[in-house]
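Breakdown of the fold
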Amino acid sequence: MKLLIVRHSETIENIQRICQGQTHGTLSDKGVEEAKKTGLRLKLFSIDCCYTSDLHRATDTARYIAEINPNLVVCKDIRLRERYFGSFQGQVFPESLSNFIPPEETETVEAIAARLLDFLSDIKHRHPHQTVLVVSHGFTIRVLISIFMNLPATGLETLDDIENASLSIVDIQNESYQISLLNDTSHLTKN
């Protein structure tokens, strides 16, 4: 199986440094253009299906991608949601995140990993020899990448932030994961 992983494109809340967590978010004008450019890049692949988080910023990104790839069937999956940040959702992130402590009710990395492993098990069973597009969120994708790299939960901090509308590609065979592209945004600089 080939997994194409895309982070949702830029939102108004991203610009304002607002913690969206499991709130919906709204694509900015730039975000709409990013989604369309990502859709054009994905025309290079023969995609069998698309799974997206059910949050609007991801489903809207997937919808713009599907407009350019009209045979693409898009399915929402709650397991692809962003991390739940509890009472901090809707608040502005501090200028420096080095001292930021998430609220007590924030979803743990282990809980996110558990729902992603469940998702991976499902799609490996349903699409063993197909190309699957996943549209999700920055922190969630970092956890997914950490699973592919066999990193412990604490190793997540060694991974770079995932950029809006970036593309990562992973080839999956049984329990073997080969990352061939990570967090690539080269398609966003093309006219």
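Residues numbered from 1 in each chain as written. Predicted model: local features only at pLDDT ≥ 70, side-chain atom pairs only at ≥ 80, totals over all residues. Heavy atoms only, no water.

Each helix and strand counted, the protein has five helices and six strands in total. Secondary structure elements of the protein occur, N-terminal to C-terminal, as β-α-α-β-α-β-α-β-α-β-β. Relative to its length of 191 residues, the protein is compact, with a C-alpha radius of gyration of 16 Å against a globular reference of 16 Å. With the C-alpha coordinates aligned to their principal axes, the bounding extent of the protein is approximately 45 × 40 × 25 Å. Here the protein, with 191 residues, has 54% of them falling under the buried criterion. The contacts of the protein with a sequence gap of at least 6 include a subset with a gap of at least 24, amounting to 72%. For the protein, the accessible area works out to roughly 9,600 Å², and carbon and sulfur atoms hold 50% of it. Here the protein contributes 19 positive and 25 negative side-chain charges, whose respective centroids are spaced 5 Å apart. (Helix = DSSP H or I, 4+ residues; strand = E, 2+ residues; numbered from the N terminus. Rg over C-alpha atoms; globule rule 2.2 N^0.38 Å. Buried < 20%, exposed > 50% of the residue type's maximum accessible area, 1.4 Å probe, protein only. Contact = heavy atoms within 4.5 Å. Areas by Shrake-Rupley, 256 points an atom, 1.4 Å probe, with all protein chains shown as cover. Lys, Arg positive; Asp, Glu negative; His and termini not counted. Charge placed at Lys NZ, Arg CZ, Asp CG, Glu CD.)

Most of helix H5 (residues 138-148) sits inside the fold, with eleven of its eleven residues counted as buried. Elements that come into contact with the buried residues of H5 comprise strand E1 (2-7), helix H4 (109-126), strand E4 (131-136), strand E5 (167-173) and strand E6 (176-184).

On to the packing of helix H2 (residues 29-42) against helix H3 (residues 56-68). Between H2 and H3, whose axes approach to 8 Å, the crossing angle comes to 45°. As the angle between them shows, H2 and H3 are arranged oblique. At the point where H2 passes H3, the crossing takes the right-handed sense. Along the contact surface, H2 presents Val 32, Ala 35, Lys 36, Thr 38, Gly 39, Leu 40 and Leu 42, while H3 presents Thr 61, Tyr 64, Ile 65 and Ile 68. Residue classes in the contact of H2 with H3 are distributed as seven nonpolar, three polar and one charged. (Axes fitted to C-alpha atoms, helices over the stretch in contact; angles between N-to-C directions. Parallel < 35°, antiparallel > 145°, perpendicular 65-115°, else oblique. Left-handed = near helix turned anticlockwise from the far one by under 90°. Nonpolar A, V, L, I, M, F, W, Y, C, P; charged D, E, K, R; others polar.)

Take the packing of aromatic side chains next. Per the stated rule, a full pass over the model turns up six aromatic pairs. Pairing Phe 85 with Phe 93 gives two aromatic rings, centres 6.4 Å apart and planes at 90°, and the pair type is edge-to-face. Between Phe 88 and Phe 93 the ring centres are 5.5 Å apart and the planes differ by 55°, which places this aromatic pair in the tilted class. Residue classification places Phe 88 among the buried positions, given a relative accessible area of 14%. When the ring centre of Tyr 64 is taken as origin, the NZ or CZ atom of Arg 63, which lies over that ring, is 4.7 Å away. (Phe/Tyr/Trp six-rings, centres within 6.5 Å; stacked < 30°, edge-to-face > 60°. Lys NZ or Arg CZ within 6 Å of the ring centre and 35° of its normal.)

Purely geometric stuff here, so don't read any function into it on its own.
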